[in-house]
Amino acid sequence: MKAVVYQGPFDVAVQEVADARIEHPGDVLVRVTSSAICGSDLHMYEGRTDADAGMVFGHENLGVVEEVGSAVTRVRKGQRVVMPFNVACGFCRNCEKGFTGFCTTVNPGFAGGAYGYVSMGPYRGGQAEYLRVPFADFNCLVLPEGEENEADYAMLADIFPTGYHGCELAGVSPGETVAVYGAGPVGLMAAYSAFLRGASRVFVVDRVPERLRLAEQIGAVAVDFSSVDPAGMIVEETGGGADKGIDAVGYQARGHGDPSQEEPAGVLNALIATVRPTGALGVPGLYLTSDPGGGDEQARQGRLAFDIGLMFEKGLRMGTGQANVKRYNRQLRDLIAQGRATPSFVVSHEVALDQAPMAYDKFDRHVEGYTKVVLHP
Ligand SMILES: NC(=O)c1ccc[n+]([C@@H]2O[C@H](COP(=O)([O-])OP(=O)(O)OC[C@H]3O[C@@H](n4cnc5c(N)ncnc54)[C@H](O)[C@@H]3O)[C@@H](O)[C@H]2O)c1
Ligand SMILES: [Zn+2]
Ligand SMILES: [Zn+2]
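From a predicted model like this one, the values you see are computed outputs, not experimental measurements.

1. Details of the overall build of the protein
Point 1. Of the regular secondary structure elements, the protein holds 13 helices and 17 strands.
Point 2. Against the 2.2 N^0.38 benchmark of 21 Å for 377 residues, the protein shows a C-alpha radius of gyration of 20 Å, consistent with a compact globule.
Point 3. Projecting the C-alpha coordinates of the protein onto the three principal axes gives extents of approximately 60 × 45 × 40 Å.
Point 4. The burial tally for the protein puts 50% of its 377 residues in the buried class.
Point 5. The long-range share in the protein, meaning contacts at least 24 apart out of those at least 6 apart in sequence, stands at 72%.

Okay, here's the thing in structure tokens:
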């Protein structure tokens with residue numbers, strides 16, 4: 001089958017690889033119809049992780065069940081399904097509590113598994129014609145039949161639940177003001193989710209014009225960090241700081257003073273300055289224990305200069321980590337099915353699998369309006 005294979009920094013190729021197949025009676029085989037490229041893939045694409053050449057990318061997968069293992073009881077051949085990016089067992093202590101992003105079964109020695117992602121277990125990605133889905137009865141979310149809302153439902157694999165998770169970590173409640181750093185797909189989904197949860201005012205900080213325009217389109221206040229100091233501006237506009245803050249950027253944050261430089265703790269520290277005393281921060285933005293391209297030895301080991309003193313002084317709370325997609329995807333699916341949510345507004349390009357190398361390049365450089373790309377194998 002054809003798949004998107006990582007070759008090395010800034011290089012992916014569409015190649016023939018061994019067919020995905022059922023390896024365990026609890027698996028299903030899915031014929032992939034949509035697989036999106038994620039900002040998380042870019043960390044690997046840029047060579048800023050320990051990912052090895054040869055990896056098949058793709059953790060945002062939707063398709064049609066082609067074949068079911070003999071122990072699968074719920075999912076049936078022919079159903080349209082979307083899979084959380086997390087691979088989870090459903091029965092370990094963390095899964096039982098809904099923390100499916102931290103499953104202790106699927107990736108021994110580590111809490112959490114995913115398709116096509118460095119350190120997240122042996123599961124091949126779905127930017128390919130077919131995908132093997134382990135523990136399929138647990139991991140497949142069944143969708144309405146047909147092709148309707150394909151791009152909306154494709155957002156359920158990761159970014160819509162992840163944006164929602166950012167709000168959950170920060171405890172966004174009706175009437176609150178929320179500051180979101182990053183207007184990439186995750187930041188836009190966090191802002192959108194904040195409105196779904198009843199936020200009164202949402203600020204979205206970035207410097208990419210097309211992305212800031214999308215933030216405005218959903219009713220947020222766009223803040224361009226290349227021309228204003230975002231924390232100062234939001235503190236003033238809210239009369240003392242936003243109630244809640246969300247980091248949808250992560251460790252490759254650009255400096256607010258000088259965007260040509262990376263400032264790995266820049267967004268965390270900007271959030272501590274932006275949120276009012278006793279507020280809370282949700283951090284879905286990625287931080288790693290190993291960054292081969294980090295600016296100094298500390299950063300290469302995932303140790304950052306974080307303003308814990310000011311955070312303590314303000315009595316802020318913070319939640320971090322991979323999104324537990326399964327915890328939210330059913331409810332978010334039903335908002336889409338009922339026409340109450342349209343997360344596909346972030347999708348800028350839908351292209352054939354063969355176009356993946358071009359799409360990675362443009363999405364990575366944030367050019368030509370590349371905000372979110374869905375690949376169709
Ligand atoms: N926790 C999870 O489960 C989870 C899931 C998906 C993605 N992520 C992570 O979320 C982050 C965002 O993902 P994405 O797909 O939106 O990525 P993306 O790369 O498309 O978007 C990141 C955006 O941040 C902006 N940015 C850079 N520095 C900034 C700064 N200092 N202030 C404000 N904005 C800044 C960039 O211009 C860009 O638009 C990534 O770190 C990704 O790995 C986490
Ligand atoms: Zn993703
Ligand atoms: Zn588990």
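2. Here we look at the site of ligand 1
Point 1. Taken together, 33 residues surround ligand 1, and among them Gly-39, Gly-184, Val-186, Gly-250 and Leu-286 come closest.
Point 2. Counting residues per element, the shell around ligand 1 draws most heavily on helix 1 (residues 39-45), at four residues.
Point 3. Per-domain counts for the shell around ligand 1 show at least three residues from each of domain 1 (2-158 + 324-376) and domain 2 (159-320).

3. Describing the sheet that holds strand 10 (residues 177-181)
Two modes of strand pairing occur in sheets, parallel and antiparallel, and in both the strands are linked by backbone hydrogen bonds.
Point 1. Spatially, 12-11-10-13-14-15 is the arrangement adopted by the six strands of the open sheet, whose pairing is parallel. Both edges of this open sheet fall to strand 12 (221-224) and strand 15 (317-320), since each of them pairs with a single strand only. Adjacent strand axes in the sheet meet at a mean angle of 20 degrees, parallel and antiparallel pairs treated alike.
Point 2. Sheet analysis places strand 11 (residues 201-206) next to strand 12, joined by four bridges and oriented parallel. The residue bridging Val-204 from the neighbouring strand is Ala-222, located in strand 12.
Point 3. On top of the sheet, helix 5 (residues 159-170) reaches strand 13 (242-247), strand 14 (275-283) and strand 15; it is set at about 145 degrees to strand 14, its chief contact.
Point 4. Packing of helix 8 (residues 230-237) onto the sheet brings it into contact with strand 10, strand 11, strand 12 and strand 13, and relative to strand 12 it is tilted by some 150 degrees.

4. Concerning helix 6 (residues 185-196)
Point 1. Along its twelve residues, helix 6 runs 16 Å from first to last C-alpha, staying within 8% of the 16 Å computed at 1.5 Å per residue.
Point 2. The buried fraction of helix 6 is high, at ten of twelve residues.
Point 3. Residues Pro-185, Val-186, Gly-187, Leu-188, Met-189, Ala-190, Ala-191, Tyr-192, Ser-193 and Ala-194 constitute the buried set of helix 6.
Point 4. Next to the buried residues of helix 6 lie helix 1, helix 5, strand 10, strand 11, helix 7 (209-217) and strand 13.
Point 5. One or two residues past the end of helix 6 sits Gly-198, with phi positive at roughly 95 degrees.

5. Digging into the domain arrangement of the protein
Point 1. By the assigned domains, the protein splits into domain 1 (2-158 + 324-376) and domain 2 (159-320).
Point 2. For domain 1 versus domain 2, the separation of C-alpha centres amounts to 25 Å.
Point 3. Domain 1 puts 23 residues into the contact, and the matching count from domain 2 is 25 residues.
Point 4. Every element with two or more residues in the side of domain 1 that touches domain 2 is listed here: helix 1 and helix 12 (329-337).

6. Some words on the packing of helix 8 against helix 9 (residues 266-274)
Point 1. Contact geometry for helix 8 and helix 9: axes closest at 9 Å, N-to-C directions at 20 degrees. The angle between the axes of helix 8 and helix 9 places the two elements in the roughly parallel class. When you trace helix 8 past helix 9, the crossing you get is right-handed. On helix 9, the residues that touch Pro-230, Ala-231, Ile-234 and Val-235 of helix 8 are Ala-270, Ala-273 and Thr-274.
Point 2. Split by residue class, the contact of helix 8 with helix 9 holds six nonpolar, one polar and no charged.

7. Considerations on the pairing of strand 3 (residues 28-37)
Point 1. Across the ten residues of strand 3, eight count as buried, placing the element largely inside the fold.
Point 2. Pairing analysis gives eight bridges linking strand 3 to strand 4 (residues 60-68), with the strands arranged antiparallel. Bridged to Ser-35 within strand 4 is Asn-61.
Point 3. Relative to strand 8 (residues 130-133), strand 3 runs antiparallel, the two being bridged by four bridges.

8. A word on the environment of Lys-326
Point 1. Mapped onto the elements, Lys-326 comes out in the loop between strand 15 and helix 12.
Point 2. With 22 C-beta atoms counted inside 10 Å, the residue Lys-326 sits in the buried group.
Point 3. With residues near it in sequence (within four places) discarded, Lys-326 still touches Pro-84, Asn-86, Ala-88 and Thr-100.

9. Details of the nonpolar core
Point 1. Core analysis: the largest hydrophobic core is formed by 117 residues, its most contacted members being Val-28, Val-82, Val-180, Tyr-181, Ala-191, Phe-203 and Val-204.
Point 2. For this core, the element with the most residues is helix 6, which contributes seven residues.
Point 3. When residues of this core are sorted by domain, at least three fall in each of domain 1 (2-158 + 324-376) and domain 2 (159-320).
Point 4. Look past the residues within four positions of Val-180 in its chain and what remains in contact with it is Gly-187, Ala-190, Ala-191, Val-202, Phe-203, Val-204, Val-205, Ile-246 and Ala-248.

Rules of the game
- Residues numbered from 1 in each chain as written.
- Chains lettered and ligands numbered in written order.
- Predicted model: local features only at pLDDT ≥ 70, side-chain atom pairs only at ≥ 80, totals over all residues.
- Helix = DSSP H or I, 4+ residues; strand = E, 2+ residues; numbered from the N terminus.
- Rg over C-alpha atoms; globule rule 2.2 N^0.38 Å.
- Buried ≥ 20, exposed ≤ 12 C-beta atoms within 10 Å, placed from the backbone.
- Contact = placed C-beta atoms within 7 Å.
- Near = placed C-beta within 6 Å.
- Domains from an automatic or database assignment.
- Pairing = 2+ DSSP bridges.
- Axes fitted to C-alpha atoms, helices over the stretch in contact; angles between N-to-C directions.
- Expected span 1.5 Å × (residues − 1).
- Parallel < 35°, antiparallel > 145°, perpendicular 65-115°, else oblique.
- Left-handed = near helix turned anticlockwise from the far one by under 90°.
- Nonpolar A, V, L, I, M, F, W, Y, C, P; charged D, E, K, R; others polar.
- Core = buried A, V, L, I, M, F, W, Y, C linked by C-beta atoms within 7 Å.

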